[in-house]
Amino acid sequence: MDHDQGPTGPGWLVALETSPLGDTLRQSIWLYPLVEIAHILGLALLVGSIVAFDLRLMGARAPLLPADALSRLLLPISVTGFALAVPTGILLFIAEATALVRNPAFLVKMALLVLALVNIAVFHSLAGHAMAAWSLADRPPRAARLAGAASLTLWVAILACGRLIAYV
Ligand code: HEM
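Residues numbered from 1 in each chain as written. Predicted model: local features only at pLDDT ≥ 70, side-chain atom pairs only at ≥ 80, totals over all residues. Heavy atoms only, no water.

(A) Just the overall build of the protein, in detail. A tally of regular secondary structure across the protein gives 8 helices and 0 strands. Secondary structure of the protein in N-to-C order comes out as α-α-α-α-α-α-α-α. Expressed along its principal axes, the backbone C-alpha trace of the protein runs to roughly 65 × 25 × 25 Å. The 168 residues of the protein split such that 35% are buried. Across the protein, every contact between residues at least 6 apart in sequence was considered, and the portion connecting residues at least 24 apart equals 75%. Here the protein contributes 10 positively and 9 negatively charged side chains, and the mean placements of these two sets differ by 17 Å. (Helix = DSSP H or I, 4+ residues; strand = E, 2+ residues; numbered from the N terminus. Buried < 20%, exposed > 50% of the residue type's maximum accessible area, 1.4 Å probe, protein only. Contact = heavy atoms within 4.5 Å. Lys, Arg positive; Asp, Glu negative; His and termini not counted. Charge placed at Lys NZ, Arg CZ, Asp CG, Glu CD.)

Here's what the structure looks like:
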């Protein structure tokens, strides 16, 4: 960014970054940190509850902890975390849009986020659909264990990329 000329890049990103909202996010002393705190709270709820469920999908504490009961406990927490992490992430993005689309850590994070959501959709349409059938089984079915392992890897990688954004 040429500080004299302002942000450079695709017109819609420049418009987003130089919008009154983008300017306020960058100029306010408290707004950006508050949004980032809310972003971190969102990802803590989201990734914390997902990791607990992924470990169960991979067989941890099976059959002591019925998978469907655990899912009923954790899913609302994951959804609340996601509903907090995404809008706050978009606000963080608006503040520095033109720089972030050139940031490899941000781009990889967004790609991993898409993969993680596809993994959730595949799980729910396959093994998740029949969870009641294997909820008390000693060993979850292979599709559930694979979905759990993929999810665990993807969300930890998303966290790492999120943190690396500030360093790249
Ligand atoms: C929903 C899952 C998401 C997770 C788990 C996640 C995770 C993270 C993490 C761990 C950080 C580093 C926070 C820090 O240590 O300061 C971060 C920062 C960031 N996230 Fe996310 N994020 C998510 C979604 C999003 C979305 C959807 C966007 C934008 C479209 C986004 C944009 C950003 C930006 C711009 C930063 C950098 C903030 C900075 O360093 O100043 N995030 N995210």
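Anyway, onward from the coordinates.
(B) How the structure looks around the nonpolar core. Residues Phe-53, Leu-57, Ala-67, Leu-70, Leu-74, Phe-123, Ala-127, Met-131, Trp-134, Ala-144 and Ala-147 constitute the largest nonpolar core, which totals 11 residues. Looking at this core, the elements with two or more residues in it are α3 (31-57), α4 (67-95), α7 (131-134) and α8 (142-164). Counting residues per element, this core draws most heavily on α4, which supplies 3 residues. Excluding its chain neighbours within four sequence positions, the residues that come into contact with Phe-123 are Phe-53, Leu-57, Gly-128, His-129, Met-131, Trp-134, Ala-144 and Ala-147. With 10 residues, the next largest nonpolar core counts Leu-112, Trp-155, Ile-158 and Cys-161 among its residues. (Core = buried A, V, L, I, M, F, W, Y, C linked by side-chain atoms within 4.5 Å.)

(C) Representation of the coordination of the iron atom of the ligand. Protein-derived coordination of the iron atom of the ligand comes from His-39 (NE2) and Lys-109 (NZ), at a distance range of 1.7 to 2.1 Å. Taken together, the 6 donor atoms surrounding the iron atom of the ligand define angles of 85 to 178° at the centre, an arrangement classified as octahedral. Highlighted residues: His-39 in helix α3 and Lys-109 in helix α6 (residues 104-125), separated in sequence by 70 residues. The exposure class of His-39 is buried, given its relative accessible area of 12%. (Donors = N, O, S within 2.8 Å, 3.2 Å for Na, K, Ca; no water. Tetrahedral: all angles 85-135°; square planar, octahedral: opposite > 155°, others 65-115°.)

(D) The arrangement of the site of the ligand in detail. Close to the ligand lie 23 residues; Tyr-32, Glu-36, His-39, Gly-89 and Lys-109 are nearest. Taking Tyr-32, its side chain carries an N or O atom lying 2.7 Å from an oxygen atom of the ligand. His-39 places a polar side-chain atom, nitrogen or oxygen, 2.9 Å from a nitrogen atom of the ligand. Those elements that provide at least two residues to the shell around the ligand are α3, α4, α6 and α8. With 6 residues, α3 is the largest single contributor of residues to the shell around the ligand. For the shell around the ligand, the class distribution of residues is 17 nonpolar, 3 polar and 3 charged. (Near = heavy atom within 4 Å. Polar contact = N/O pair within 3.5 Å; in protein donor to acceptor, adjacent residues only side chain to side chain. Nonpolar A, V, L, I, M, F, W, Y, C, P; charged D, E, K, R; others polar.)

(E) The arrangement of the environment of Ala-38 in detail. Following the sequence through the fold, Ala-38 ends up in helix α3. As a C-alpha pair, Ala-38 and Pro-87 span 49 residues in sequence and 9.7 Å in three-dimensional space. Once residues lying within four places of it in the same chain are set aside, the contact partners of Ala-38 are Leu-84 and Thr-88.

(F) Structural context of α8. Its 23 residues place the ends of α8 33 Å apart at the C-alpha level, agreeing with the 33 Å of an ideal helix rising 1.5 Å per residue. In this structure, the buried residues of α8 make contact with α3, α6 and α7. (Expected span 1.5 Å × (residues − 1).)

(G) Region of interest: a nonpolar patch on the surface. A surface patch of nonpolar side chains, amounting to about 350 Å² of accessible area, comprises Phe-82, Val-86, Ile-90, Leu-117 and Ile-120. Listed by contribution, the elements that provide at least two residues to the nonpolar patch are α4 and α6. No other element matches α4, which puts 3 residues into the nonpolar patch. Locating Ile-120 in the fold gives a position in helix α6. (Patch = residues over 30% accessible without salt bridge, like charges linked within 9 Å, V, L, I, M, F, W, Y side chains within 5 Å. Areas by Shrake-Rupley, 256 points an atom, 1.4 Å probe, with all protein chains shown as cover. Salt bridge = Lys/Arg side-chain N within 4 Å of Asp/Glu carboxyl O.)

None of the figures reported here should be taken as evidence of function without further support.
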